[in-house]
Amino acid sequence: SRVLVTGANGFIAAWIVRTFLESGYTVRGTVRSASKGEHLKSLFAAFGERFEIVVVEDIEKDGAFDEAVKGVDLVEHTASPVTIRANDPNELIVPAVRGTIGILESIKKHGSSVKRVVITGSTAAVITGPSAEAVVLDETSWNKTAILDIEQNGANAAQLNKYRASKTLAERAVWDFYEKNKSTLDWDVVVLNPPYVFGPLINHVSSLRALNASNQELYDTLVEGAKDAESLANTGTSWVDVRDVARAHVLAGEKDDAGGERIIVSAGPFYWQEIVDAANAVAPAPLPNLLKGNPGVTKGKPHPVTFDTSKMRRILGLELRGMDVLVRDTLASFAALEQKD
Ligand code: NDP
């Protein structure tokens, strides 16, 4: 089969491409400029003609994906901005929403061979506002607070809410489009919603200051001391290994039962101190000067938000890596980048 992966040079997408290639697929990856495809070409050179790059310069333009979707059986849309440094929320919202609607429209017009579309969503679109009691959230839950914050506060909204609103609005647009069109389409849609994705890097990253947002936060926390002991012990979200997210994207394309479903893909909740402790347990130490915080202080402490992953296990049958493996391999990847710096 032939699969289209958008934003192929991204942290998660590069792993998605690799996992598809290793599973025998032919992969077409989109990037914004030819130079951004160079590293991928050499990374996947061993797969020969089974891997190709096409340039889609501006995903906001009408018909941007018209050519790219031709002749593929499966589409995996991952391209979307991930940053906590935007001023205007539209820097995130417009490409997220326009890119998503745009690719669905292109498939409707030109994707006559497409059977399924998998969209990389996020638990940013699932989480609810703060609550006094611990909550377990499943796929019926939708983020409403991020969009409200943007409506009320615009550029002054919380940084994370700009990203969360972009993922929520993009996913709403997917389901609206699907509901309106499904009776006439030959393809269906799956949305995967992972929480924080961490893991080793195979995409091109020029330095430890140019990591993707989630790995940047991990690096800054473990090595640069970006969080004090208080916030290490009290803050965190949920996590999942990038290699498992990539596998989920392949399975979401293959499993019949996944069609029309929203699926949370999470390994579990964490406090940052738990990741710090896992990092300090790696022997030999992959990096000097790892932060210590207050070792063990979050052991057994209940988490405010947990995701119900029964749907992921039932439909995708996915086995997930543990935090020890994640932290070991990610730190090795950081260490290799430090050598390069
Ligand atoms: P990266 O920043 O590594 O990759 C983002 C990709 O999207 C890149 O290919 C990037 O292209 C492309 N992109 C960003 N903005 C635009 C734009 N305006 N127009 C066209 N392409 C654009 O991030 P991740 O790999 O972490 O994220 C990939 C997907 O996974 C996103 O949809 C994200 O929301 C989702 N996700 C990520 C999580 C995480 O913790 N990392 C958690 C949950 C979901 P370029 O290199 O040219 O900028």
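Refer to the structure presented above.
If you're wondering where the values come from, they're calculated on a predicted model, not measured in any experiment.

Student: Looking at this structure, how should I read the overall build of the chain?
Tutor: In terms of helices and strands, the chain carries 11 helices and 12 strands. A compact globule built from 341 residues should have a C-alpha radius of gyration of about 20 Å, and the chain, at 20 Å, falls within 12% of that. With the C-alpha coordinates aligned to their principal axes, the bounding extent of the chain is approximately 55 × 45 × 40 Å. Split into buried and exposed, the 341 residues of the chain put 51% on the buried side. Carbon and sulfur atoms make up 49% of the accessible area of the chain, which totals about 15200 Å². Taking the 37 positively charged and 44 negatively charged side chains of the chain as two groups, their mean positions are separated by 2 Å.

Student: How should the side chain of serine 166 be read in this particular structure?
Tutor: Tracing the backbone through its elements, the reader meets serine 166 in helix α5 (residues 159-181). Those residues within four positions of serine 166 in sequence are excluded, and the remaining contacts are Leu92, Ile93 and Ala96.

Student: Got a minute to help me understand the site of the ligand in this structure?
Tutor: Asn9, Arg32, Lys36, Thr78 and Tyr163 are the nearest of the 25 residues found near the ligand. Take valine 197: an N or O atom from its main chain is 2.8 Å from an oxygen atom of the ligand. The separation between a nitrogen atom of the ligand and a polar side-chain atom of serine 214 is 2.9 Å. Against a free-state accessible area of 890 Å², the protein chains account for coverage of 87% of the ligand. Sorting the residues of the shell around the ligand by element identifies α1 (11-22), α5 and β8 (196-198) as the ones contributing at least two each. Broken down by class, the residue content of the shell around the ligand amounts to 12 nonpolar, 10 polar and 3 charged.

Student: Is there a simple way to think about the sheet that holds strand β3 (residues 51-55) in this case?
Tutor: Where strands meet in a sheet, backbone hydrogen bonds hold them as pairs that are either parallel or antiparallel. Taken in spatial order, the 7 strands line up as β3-β2-β1-β4-β5-β7-β10 in an open sheet, and their pairing is parallel. Of all the strands in the sheet, just β3 and β10 (262-264) have a single pairing partner and so form its edges. Ignoring which end each strand starts from, the neighbouring axes of this sheet average 20° apart. Examined bridge by bridge, strand β1 (residues 2-6) and strand β4 (residues 74-77) share 4 bridges and lie parallel to one another. Its bridge partner being in β4, leucine 4 is matched across the sheet by valine 75. The strands touched by α1 are β1, β2 (26-31), β3 and β4; relative to β1, the strand with the most contacts, the crossing angle is about 170°. Each of β5 (116-120), β7 (188-193) and β10 is contacted by α5, which is oriented at about 160° to β7, the strand it contacts most.

Student: What should I look at first to understand the pattern of salt bridges in this one?
Tutor: Any two side chains of opposite charge can pair if their charged atoms end up close together. What the rule picks out here adds up to 15 salt bridges. Between glutamate 22 and arginine 18 there is a salt bridge; the shortest N-O distance is 3.0 Å. With glutamate 22 and arginine 18 both in helix α1 and 4 residues apart, this pair spans about one turn of that helix. The exposure class assigned to glutamate 22 is exposed, which follows from its relative accessible area of 53%. The salt bridge partner of lysine 311 is glutamate 261, with a shortest N-O separation of 2.7 Å. In this pair, lysine 311 is assigned in helix α10 (residues 310-316) and glutamate 261 in the loop between α8 (242-254) and β10, connecting sequence segments 50 residues apart.

Student: What exactly am I supposed to notice about unusual backbone geometry here?
Tutor: For residues that are not glycine, phi is negative in most cases, and the peptide bond is trans in most cases. In this structure, the amide linkage connecting alanine 283 to the following residue, proline 284, adopts the cis form with an omega of -5°. Looking at the secondary structure, you find proline 284 in the loop between α9 (272-280) and β12 (305-307). Positive phi, close to 60°, is recorded for asparagine 289, a residue that is not glycine. Tracing the sequence through the fold places asparagine 289 in the loop between α9 and β12. A residue is classified by how much of its surface remains accessible, and asparagine 289, at 68% relative accessible area, is exposed.

Student: How should I be thinking about the packing of aromatic side chains in this particular structure?
Tutor: Aromatic ring pairs are reported here in terms of the distance separating the ring centres and the angle at which the planes meet. Evaluated as defined, the whole model comprises 11 aromatic pairs. Between tryptophan 175 and tyrosine 178, the ring centres sit 6.0 Å apart and the planes meet at 70°, which makes this aromatic pair edge-to-face. Residue tryptophan 175 and its partner tyrosine 178 are both found in helix α5; the two are separated by 3 residues, about one turn of the helix. Tryptophan 175 sits in the buried class, given a relative accessible area of 15%. Owing to a relative accessible area of 10%, tyrosine 178 belongs among the buried residues under this scheme. An angle of 20° between the planes, with centres 6.1 Å apart, marks the rings of phenylalanine 177 and tryptophan 187 as stacked. Of this pair, phenylalanine 177 sits in helix α5 while tryptophan 187 sits in the loop between α5 and β7, and the two are 10 residues apart along the sequence.

Procedures and definitions
Residues numbered from 1 in each chain as written. Predicted model: local features only at pLDDT ≥ 70, side-chain atom pairs only at ≥ 80, totals over all residues. Heavy atoms only, no water. Helix = DSSP H or I, 4+ residues; strand = E, 2+ residues; numbered from the N terminus. Rg over C-alpha atoms; globule rule 2.2 N^0.38 Å. Buried < 20%, exposed > 50% of the residue type's maximum accessible area, 1.4 Å probe, protein only. Areas by Shrake-Rupley, 256 points an atom, 1.4 Å probe, with all protein chains shown as cover. Lys, Arg positive; Asp, Glu negative; His and termini not counted. Charge placed at Lys NZ, Arg CZ, Asp CG, Glu CD. Contact = heavy atoms within 4.5 Å. Near = heavy atom within 4 Å. Polar contact = N/O pair within 3.5 Å; in protein donor to acceptor, adjacent residues only side chain to side chain. Nonpolar A, V, L, I, M, F, W, Y, C, P; charged D, E, K, R; others polar. Pairing = 2+ DSSP bridges. Axes fitted to C-alpha atoms, helices over the stretch in contact; angles between N-to-C directions. Salt bridge = Lys/Arg side-chain N within 4 Å of Asp/Glu carboxyl O. Phe/Tyr/Trp six-rings, centres within 6.5 Å; stacked < 30°, edge-to-face > 60°.

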